[in-house]
Amino acid sequence: MADDAAEAAEKEARRKKHRKRMNKILVRAWNLPDAGPFQDTSHPSETEARDLTAIGKNLDKGVYEHGRTGWEIFATDMGLVYNRHIIRKGKHTSTAKNHLDQVVGYFTKIDPVLGNLAIKSKPKPGDTSSDGTSKKNSSSSTKRKNNVKESPDSSPKKKVNVGNNGSLTLSQREKRAMELLASYLEESGGERVQSENFRCKVIQRPGGRFDSIFFSAENKRFKSMAEVARFLNLVIAPTRGQGGNNKTSGRTKKDTDKRKLKRELDKLMRSKVKAAKALDEHNNEDVVDNFPVSDDSLWDDGSNSSKAHKAGLIVPRSDIESFPGIPTHCIPDMLMVWDFLCTFGRTLSLQPIELDDFAAALSFRPLTELKNAQPAEEQQQLPPQSHIPVYLSECHIALLRLLVKDPTSDFWWWSVLETPEMVEQEDEYLNPGDKKRRAAAAVVKIDMEALLSVEEDPAVTRKWLQALEDVRTRKPDNSGPIKSAVKSAIAQTTNQHVKMYLKKAMRTWQAKSAGLVKRAVVWLLGRFREARPDLWGRNVSEEEIAEQKKLVAAEAALEMDNIIEDAVIDDGDLNLEGDSDEESDSDDDEGSDNEDEYADQVDTPTSPSKQACSVTLKENDEITPVTTFVPAKPVPSVVDLLLPPAKPVSPSDLVHALTWPPVIGATSCRIFQWYKRRRNEVDDSTRELRQLRPMSVAERRRREMSASLRILSECGDPLGSSSNNVESAINHLCEGKGYLDLNAVQRLCILRILIEAAYDTHHVQLSIEDNFKARINSVKALDAEERRAKKAAREELAKIESAARERLATEARETFIEKKRQELIEDIKDTQEYSVDFVESLNNDDIIDLDDDTKAEYEALPTPESFNKGEVNAVVKKIQEETAFGAEKLTVLSLKEIEKRGEDYLKSLQDDLESFGEVDSRETSAKIDRLRQKITKFTDQMQTLPEDRSSAIEALTDAIEDGTVRTLRTAIKDAKLARLSGDDEANGGVWALDLMRDASLELKNAEGRKRVTEAQKDLVAKLNKCFIRTEPLGRDRYQSSFVHFDYDKSSRVWAERDFILCNEDSAPSTEAVLLRSAQSASIGAPEKYDDFMNLDDRNQPCGKSFLSFARQEYHHTGELSTLARHHWSCYTTDRSLRVLVKHLHGKCAKENALKEVLKKTLETLALAAGGGDANPANGASPEDAGPDAAASTGKTDFLSSGDEEAFCQEKERLSKDDADVLKGISSAIGRRIRLRRIPDPDRAPDVAEYSMATITGWKLEKAPHSNGAEGEASEEAPEPQASLPIWRLGLDDGGELHVPASEAVEGIMRAIKWSTEYPGYVEYDAPLLSYRNGLGRFCGRAAEAPSSLTPQAFAKQLIKREQDLYMPLKNRTFENNWGGKAGARQAWVSSLKECGHTFEAVREGLLTLENAFF
């Protein structure tokens, strides 16, 4: 009883808790805004909760106190309150939806099922409920009971599933099952009360089926109501295996077996359909062709491209391979520098410049004639820096400001003053491993094992060790205290080996130079600390001390092997009583700042013994290990002496347009010194990681001499060159010499050093991080756009596939009906029941309804979904071909079939002509004449068609390889003119050549790519702004990289190719630019394989194979021991890019991907050149764009030879000097030309643009008539027109241009002078000389930013500044002529206000103000 009471109390507590939570939900719903219509309704119901008030009453009555069932009923009633208004669509519908969403959220926090119930609860008219639930449950139960009564033969399990149960919850199903159980027990002869001793549990299976399971009071499980009835002895249970007596059970078992068999059969049929589909896909797809071809198989496949590459030729030939004044090996560095300056232009506040102008600025040299042309006074006042191109000044100043204001410059600004002692004191930069590595090395030979084996009093050992500890804190030039400490230690120690060691060390001592003595003492102290840890208070056992002594003695023995044995010490020569501390301190201080390397601090001794020791030390440099990674300090320059002692701050007078070259030189020197130190650190770390001995002092010196080649490997000096462009450029600027005296390579080296340091600054790193975050968002947006495009393509393909299936089904039905119609016609011939006309008049439905067999066969025809993929793909391809041609039906023919069709057509015309016979009327005569004209015209065309068709087929092949819209449209247009397609009168469609069909399909794909490219144009532009690094477009089979720079011209694609190594004896031809010897293909310093390979492994096979494998990073052959040069070239014209695309192999995966990217580039180039021509009729080449139809053959008007006479006539008009430049040139065809064009002759007549082109043809063109006043006279006696030569140019940037003879000859001469750096040739109006940096941060109001660089804004600033300065200057001047009665000030202000929009007025105003004030 106590347990029952406790259980009842626990249940009551749970009910209270549930009721409290329900009350909270009800209160929240009650307090929602605008909840008045739902709190109380004007149409209450006793059987249904229509408002929140009724739900509250039910809650007080305890209607919802049945655990989970109560919660489900509560959620259903709450949803009914709002769904009632939503279904009615009254004025409170929107409010009800909002409130329902919030109430559903309350229930979802408790259980998502409750929220689902609240949403799905729908009231129905006429429903009744006794406990506040919806009427749907009770009506369903009533229907279910009626169904049970009406079908008593149905099984009990089937009765449970009768009715519409889709929206019932599990608790409602359990309640309904209990009601059905009570009814079933009553029908079986029992009582309804017996069902109270059972409970029901409903389980939902994965397939969506619900099973009802009953449990007795003893928890015995029953699967059905029949089992419950058998358990209560109400029904006799049949024995398993004995069937047949009960007809119902037998029939049920038979139906069950049928259903099982049907399910198995359906399953097998589905498996068969899947297998057949997979087999069709396998059979219709050529799996072998889909496999990409490896690059190795195409490297030497015997093709012309592979043979040309093996011979060192570049196929196709590039347009740009070098820039005037820039060596070819410096092109990658020039591209890197220019790309950095353009990419981080906003960080540097530097406006980008064209690549050609940047190359011209690097190689710019002012002419002496320019200086001589100026007056002498101006030459004296004009500083040399004024001749430097503005862009070079701007970029150097921008880099210098970025470096100086960044905190990372603190690391390298003081690098020229660093010493080993300073580095040893920087403990915050050293870890224990570095300290151990940088410990002092042995310089004096000693038997360490014998020294440690001597037993000495620990107290005595501590005394002489403490005496020597004072040496650590002394500088090497403070020799007096060092000598005193050593003397004290010799006097205190009883170990003869220690005395001998210290005496040997003191042989190198001299005044102001005790570096070797200090190194020897520091080495001894370090070894003693390792060997005797017990002397410093550590509890160490005797065994551990002995083991440590052995280890230290073994390491010291290895170091002793590297020291040459000195001469025997003569104690008589060792004067320990010489100079005292006072004497050494009183010496002259000259030379006391020599604190560099310890080994460099020994002056030339005077005594013979010291001289012999010095020679020994110099010999020991080859084996003496280094002790520091700090390089030797550079000699202070003139600029270093003039610079302030502290680092310059950002707003400093040292950084401006007239003083930046020397400051740049000092900055580059410090950065270069810092990178030397970093390089030494890497060398030491590598050797330590490989557990190799430290390098010697001599090896370190040799490496520091080639530091420029190791730090800037790809820039500066070729391998074996005696010059050093990096250090010579730095020394030149540090000596205060002019910047323009540097050559292009030296200028490039200075920029490389500054940019290497700029990459490490916080500002650049922050810019990269911001770009990276923005790039992620841009990539996501671009991916979403690509997914949308792919989805649209899939939908279009699915639509075509659906149409193909429908066409197959329609064809099958039409074939069947036609077959039945023919059978009927055959049958009526025998029966004579119907006439043929009657059968022909029958429609499809009439034929289908003739008999049941025909109708059954028609219904058994394949449906659209029953066709396999192979059949569907064939029809899909056909539909795509018809869509590409814009025809309903397309017949594809070969060239022979087309020729045969023409012959048949000609024969048919001749047969028609012969069929007329004699001429008996005028009409017949006219028809015969027309036929004869057709025959004559067609015969003439047939004679010229083979040649036209051959050229059209070749154009189609090239256009398919090219893949651009304009080329494909032009080729298809030419093919139509060559009669490679036409109308098919037989079927009302079109016939065409198979190659023309392929071109039309490729055109459709190209148009799709173009639409996608235009749709993604803005996203791609946004993505390109978020720069991180320039990624290559792709690679070809020879591992050549193709790159497009964002700030370069859109038509340019750069190619980076590896050189092919050949023997030095075989001299390659001038055209074989890729053939180089191993020495000429190398650049930078040779690798130091001593740093990563042990001495014993170098000559072993494993060592050689490792070196060959590691060197493949330099060159794919693994034969170079340095970095390899690369051949850089550029494709600029659309013609060269098309040839490049044509030579790419489609089977190679890399080249196929590169091909697609280059096609997009060609589309962009064609869109920019043609203005986005979308009309197929305008798809001809640029020369076909004439107004008349004859212009389509304009290409044939230009000749590729025969211009010698016209060219020589124009050469005679040149001066003697210019004629000498063109001496030996007889024809202009194929020559390079440099065009000069003035974009804005009115506003900027002194600024021109230069571009390169190639002469491709010429022709004689008649000069136009002059439309004078004597029109009548010209009509009476017309004069013959003169013919003028015109040359056609292929522009590098795309497109064509026609120029007269004078411009062609001047352009050729200009191109020769520009490319050969002809003495005296300067382009004074080049864009680089007129460059002005317009990118910066405007600090004023945002509304004034667009006009801040205009003359009007400067005029306003002038007036404002004059007002600020007028009163102070007026009070300090004796005579005020500016603001007096003369009115000069008033006139000045008025002129600026009226004419301040012009540059000339502002300049005059500034000069007037300067003259008035100063």
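Residues numbered from 1 in each chain as written. Predicted model: local features only at pLDDT ≥ 70, side-chain atom pairs only at ≥ 80, totals over all residues. Heavy atoms only, no water.

(A) Fine view of the overall build of the protein. Along the backbone of the protein there are 57 helices and 18 strands. Within the span of the protein, comprising 1414 residues, buried residues form 39% of the whole. When contacts within the protein are restricted to residue pairs at least 6 apart in sequence, those whose partners lie at least 24 apart make up 70%. Accessible surface computed for the protein: about 81,500 Å², of which carbon and sulfur atoms make up 51%. (Helix = DSSP H or I, 4+ residues; strand = E, 2+ residues; numbered from the N terminus. Buried < 20%, exposed > 50% of the residue type's maximum accessible area, 1.4 Å probe, protein only. Contact = heavy atoms within 4.5 Å. Areas by Shrake-Rupley, 256 points an atom, 1.4 Å probe, with all protein chains shown as cover.)

(B) Unusual backbone geometry, seen in detail. A positive phi is found at Asn-219, a non-glycine position, where the angle reads about 65°. As for its position among the elements, Asn-219 is in the loop between β2 (210–215) and β3 (221–222). On the basis of relative accessible area, Asn-219 is assigned to the exposed category, the value being 52%. At Glu-1317, a position not held by glycine, the phi torsion is positive, near 50°. Relative to the elements of secondary structure, Glu-1317 occurs in the loop between α54 (1301–1316) and α55 (1351–1372). Glu-1317 gets classed as partly exposed once you look at its relative accessible area, which sits at 48%.

(C) Region of the structure containing the nonpolar core. If you look at the biggest cluster of nonpolar residues, it comprises 78 residues, and the most contacted ones within it are Met-334, Phe-340, Leu-341, Phe-358, Leu-399 and Trp-1054. Take this core: its biggest share by element is 11 residues, from helix α37 (residues 744–758). Residues Leu-468, Leu-502, Ala-505 and Met-560 belong to the second largest nonpolar core, which totals 37 residues. (Core = buried A, V, L, I, M, F, W, Y, C linked by side-chain atoms within 4.5 Å.)

(D) Here's a closer look at the side chain of Arg-1037. Among the secondary structure elements, Arg-1037 is positioned in the loop between β7 (1034–1035) and β8 (1041–1043). On the accessibility criterion, Arg-1037 (3% relative accessible area) is buried. A distance of 3.4 Å separates the side chain of Arg-1037 from the backbone oxygen of His-1143, its partner in a polar contact. One polar contact links Arg-1037 to Glu-1151, side chain to side chain, over a distance of 2.8 Å. (Polar contact = N/O pair within 3.5 Å; in protein donor to acceptor, adjacent residues only side chain to side chain.)

(E) Quick look at the sheet that holds β8. Across the sheet, which stays open at both edges, the 4 strands sit in the order β7-β8-β9-β14 with antiparallel pairing between neighbours. Where the open sheet ends on each side, the last strands, each with one partner, are β7 and β14 (1126–1131). Strand direction decides the pairing type here: β7 and β8, joined by 2 bridges, are antiparallel. Bridge pairing in β8 places Gly-1034 opposite Phe-1042. (Pairing = 2+ DSSP bridges.)

(F) A look at the packing of helix α25 (residues 458–469) against helix α28 (residues 515–531). Between α25 and α28, the shortest axis-to-axis distance is 10 Å and the interhelical angle comes to 140°. Between α25 and α28, the crossing angle belongs to the class labelled oblique. When the axes of α25 and α28 are compared, the crossing they make is left-handed. Two secondary-structure elements touch here, α25 through Thr-461, Trp-464, Leu-465, Leu-468 and Glu-469 and α28 through Val-521, Leu-524, Leu-525, Phe-528 and Arg-529. Class assignment of the residues belonging to the contact of α25 with α28 gives a composition of 7 nonpolar, 1 polar and 2 charged. (Axes fitted to C-alpha atoms, helices over the stretch in contact; angles between N-to-C directions. Parallel < 35°, antiparallel > 145°, perpendicular 65-115°, else oblique. Left-handed = near helix turned anticlockwise from the far one by under 90°. Nonpolar A, V, L, I, M, F, W, Y, C, P; charged D, E, K, R; others polar.)

(G) Geometry of the sheet that holds β2. One open sheet accounts for 3 strands, arranged β1-β2-β3; its pairing is antiparallel. Either end of the sheet is taken by a strand with one partner, and the two such strands are β1 (199–204) and β3.

(H) Examining α25 more closely. In this model α25 runs 16 Å from its N-terminal to its C-terminal C-alpha over 12 residues, within 8% of the 16 Å that 1.5 Å per residue would give. For α25, the full list of buried residues reads Thr-461, Trp-464, Leu-465, Ala-467 and Leu-468. For α25, the angular spread of the buried residues around the axis is 155°, confining them to a single face. Those residues of α25 that are exposed and aimed more than 90 degrees away from the buried face are Lys-463 and Gln-466. (Expected span 1.5 Å × (residues − 1). Arc of directions from axis to C-beta.)

(I) Examining the pattern of salt bridges more closely. The final tally for this structure, using the stated rule, is 37 salt bridges. Notably, a salt bridge pairs Asp-356 with Arg-1052, separated by 2.8 Å at the nearest N-O pair. Placement of the pair is Asp-356 in helix α17 (residues 355–362) and Arg-1052 in the loop between β8 and β9 (1053–1058), with a sequence separation of 696 residues. Residues Arg-807 and Glu-882 are paired through a salt bridge, measuring 3.3 Å at the closest nitrogen-oxygen approach. With a gap of 75 residues between them, Arg-807 in helix α38 (residues 762–831) and Glu-882 in helix α42 (residues 869–885) connect regions that are remote in the sequence. (Salt bridge = Lys/Arg side-chain N within 4 Å of Asp/Glu carboxyl O.)

(J) Main features of the packing of aromatic side chains. Throughout the structure, instances matching the rule amount to 19 aromatic pairs. Ring centres of Phe-198 and Phe-231 lie 6.4 Å apart, and the angle between their planes is 90°; this geometry places the pair in the edge-to-face category. Here Phe-198, found in the loop between α9 (170–187) and β1, pairs with Phe-231, found in helix α10 (residues 225–231); they are 33 residues apart in sequence, far enough to count as distant. Relative accessible area serves as the criterion here: at 37%, Phe-231 is assigned to the partly exposed category. Judged by centre distance (4.9 Å) and plane angle (45°), the rings of Phe-340 and Phe-344 are tilted. A single burial state applies to Phe-340 and to Phe-344, both of which are buried. (Phe/Tyr/Trp six-rings, centres within 6.5 Å; stacked < 30°, edge-to-face > 60°.)

(K) Representation of the pairing of strand β5 (residues 981–984) within the structure. Bridge count between β5 and strand β6 (residues 989–993): 4 bridges; the pairing is antiparallel. Within the sheet, the bridge partner assigned to Gly-982 lies in β6 and is Trp-991.

(L) Quick look at the packing of α28 against helix α29 (residues 542–560). Close contact between α28 and α29 brings their axes to 8 Å; oriented N to C, the two are set at 150°. In terms of orientation, α28 lies roughly antiparallel with respect to α29. Where α28 approaches α29, its residues Trp-523, Arg-527, Glu-530 and Ala-531 are matched on the opposing element by Ile-545, Gln-548, Lys-549, Val-552, Glu-555, Ala-556, Glu-559 and Met-560. When its residues are assigned to classes, the contact of α28 with α29 shows 6 nonpolar, 1 polar and 5 charged.

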